[in-house]
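Take a look at the letters that make up each chain.
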Amino acid sequence: MKKPKYLTRIDQITELSDSEKDRLRPVQEKFVFRTNDYYQSLINWDDPNDPIRQLIVPREDELDEWGRLDASFEELYTKVPGLEHKYRDTALLLVNDVCGAYCRFCFRKRLFMNDNDEVVKDVSKGLEYIREHPEISNVLLTGGDPLIMSTSKLEPVIAGLRDIPHVKIIRIGTKMPAFNPYRILNDPSLWRMLETYSTTEARIYIMAHFNHPVELTAVAREGLDALHKHGAIIINQTPMIRGVNDSVETMLELFNELSYMGVPPYYVFQCRPTEGNKAYSVPIEEAYRIFVEAQNQCSGLAKRARFSMSHVTGKIAVVGLNESQVIFQYHRAADPKDTGRVMVFRRNSAAHWFDDYEEAAPYLPRKGVERALPVLQAVAARC
């Protein structure tokens, strides 16, 4: 089958004019660019607002000042190089610092910069940490994208986790089924690995990342079907992104098409306030209305997703909105005492993040974040 060709320089995009390339080079110099000819073929170049173009092609407004590189303070939960432990039963292994392509709104773009030292090639210390913490039953492999790795490099990590009796769920966070489904279809060794380690007692979950229905091509569906046939469970998560999926119609189609294929929607995330992401972020309350209106038109199987923020203190779900108030709830909390906590704040239509609400101050002050770090570090130490 086809093997996509990768593009790593703006100059390689023949559909862009010379003046566009000149304007975008400073963006490429700051935030890495990578795509492939398969994914580029999904773009309608006659439409300047094409959603796939918005998702993958750099934009000048990425240089606008906004946010911070580690918007969720993941560094606070790093226990050994390459491993984060934020929630009691879940650990996160950063196994790779490369993706099949780079979403412009990526919340971990810091990992793809030259001075990154968060990802390690040897995950043995991470596996040792997991082995020594029997409360960890759920491990997410991420990065970067684990499926950009060859199966021969990924399989020892999977085998090492399966060797730990208390690890029951292994999750692989990947956008390769959308970026390059041929990675799945061209590799029988990946199928054999899934058949070996995704068992009836302990499944491997593929955390897919389809942002827009256009990505659900015939070959992408074939790739998803192959993963299903060889034993994986697939669910989907996506941020809501301005210009990509910020409409009821688009989100409804995405929810429905995924559910028809047996890939249930899992999370819709609020875009993190990561440096460079201003143009991609939809205000929380607007995003929630889009999410709810789309869900209201779905079957029950298609409406299982939660609309949440991956905040430094936990996964905060938006669960309600009235004329004057917005209601939040901790779906997962770094500090166990916050688990399930409900918070009712005054509406703020300009809020893009939890911290933008006045009532959020006791949780993490918007200004003077440094004052909150000792508290957060204490919480992280208890997890």
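Every chain is numbered on its own, with residues counted from 1 as its sequence reads. It should be noted that, the model being predicted, local features are given only for residues of pLDDT at least 70 and side-chain atom pairs only at 80 or more, the latter also being counted only at that level, while totals for whole chains, interfaces and linings use all residues. The basis for every side-chain value is the complete set of non-hydrogen atoms in the structure, without hydrogens or water.

**Some remarks on the sheet that holds strand 12 (residues 314-321)**
Two strands in a sheet stick together by hydrogen bonds in their backbones, pointing the same way (parallel) or opposite ways (antiparallel). Strands were regarded as paired on the criterion that DSSP finds at least two bridges between them. Each helix corresponds to a stretch of at least 4 residues labelled H or I by DSSP, and each strand to a stretch of at least 2 residues labelled E; elements are numbered beginning at the N terminus. The twelve strands are arranged 3-4-5-6-7-8-9-10-11-12-13-14 in an open sheet whose pairing can be described as mixed. At either end of the open sheet lies a strand with only one pairing partner, and these are strand 3 (78-80) and strand 14 (342-346). The mean inter-strand angle of the sheet, taken between neighbouring strand axes irrespective of direction, is 30°. In terms of strand pairing, strand 9 (residues 233-240) meets strand 10 (residues 265-270) through five bridges, oriented parallel. Bridge pairing in strand 10 places Gln237 opposite Tyr267. Whether two residues are in contact is decided by their heavy atoms: any pair within 4.5 Å suffices. For helices, the fitted line uses only the C-alpha atoms of the stretch in contact; every axis is such a line through C-alpha atoms, and the angle between N-to-C directions lies from 0 to 180 degrees. Strand contacts of helix 11 (residues 284-295): strand 9, strand 10, strand 11 (306-311), strand 12 and strand 13 (325-333), with the helix running at about 70° to strand 12, the strand carrying the most contacts.

**What about the nonpolar core?**
One broad trend across soluble globular proteins is that nonpolar side chains are buried collectively. The biggest cluster of nonpolar side chains holds 99 residues, and the ones touching the most others in it are Leu93, Ile130, Leu141, Ile158, Leu161, Phe210 and Phe328. Setting aside its immediate chain neighbours within four residues, Leu93 contacts Gly82, Leu83, Val123, Gly126, Leu127, Ile130, Val139, Leu140, Leu141, Thr142, Val157 and Leu161. One finds Leu92, Tyr102, Phe112 and Ile235 within the second-largest nonpolar core, a separate group that totals eleven residues. Each nonpolar core is a collection of buried residues, namely Ala, Val, Leu, Ile, Met, Phe, Trp, Tyr and Cys, held together in the definition by side-chain atoms within 4.5 Å. Only protein chains enter the accessibility calculation, which uses a 1.4 Å probe. A residue is then buried if its area is under 20% of the maximum for its type, exposed if over 50%, and partly exposed in between.

**Description of the packing of aromatic side chains**
Pairs were defined over the aromatic rings of Phe, Tyr and Trp, the Trp ring being its six-membered one, requiring ring centres within 6.5 Å. Orientation was assigned from the angle between planes: stacked under 30 degrees, edge-to-face over 60, tilted for the rest. All told, the structure shown has 14 aromatic pairs when counted by the stated rule. For the ring pair Tyr38 and Tyr182, a centre distance of 5.8 Å and an interplane angle of 90° mean the geometry is edge-to-face. Taken as a pair, Tyr38 in helix 2 (residues 37-40) and Tyr182 in helix 7 (residues 182-185) lie far apart in primary sequence, 144 residues in all. Neither residue differs from the other here; Tyr38 and Tyr182 are each classed as buried. Ring centres of Phe328 and Tyr357 lie 5.3 Å apart, and the angle between their planes is 70°; this geometry places the pair in the edge-to-face category. Here Tyr357 lies in the loop between strand 14 and helix 12 (369-382) and Phe328 lies in strand 13, a separation of 29 residues in the sequence. Like Tyr357, Phe328 is buried. Members of the aromatic cluster, connected to one another through ring pairs, are Phe255, Tyr288, Phe291 and Phe307. Here the guanidinium or amino end of Arg68 rests over the ring plane of Phe73, the centre of that ring lying 4.1 Å away. The criterion is that NZ of a Lys, or CZ of an Arg, lies within 6 Å of the ring centre and within 35 degrees of the ring normal, and then a charge sits over that ring.

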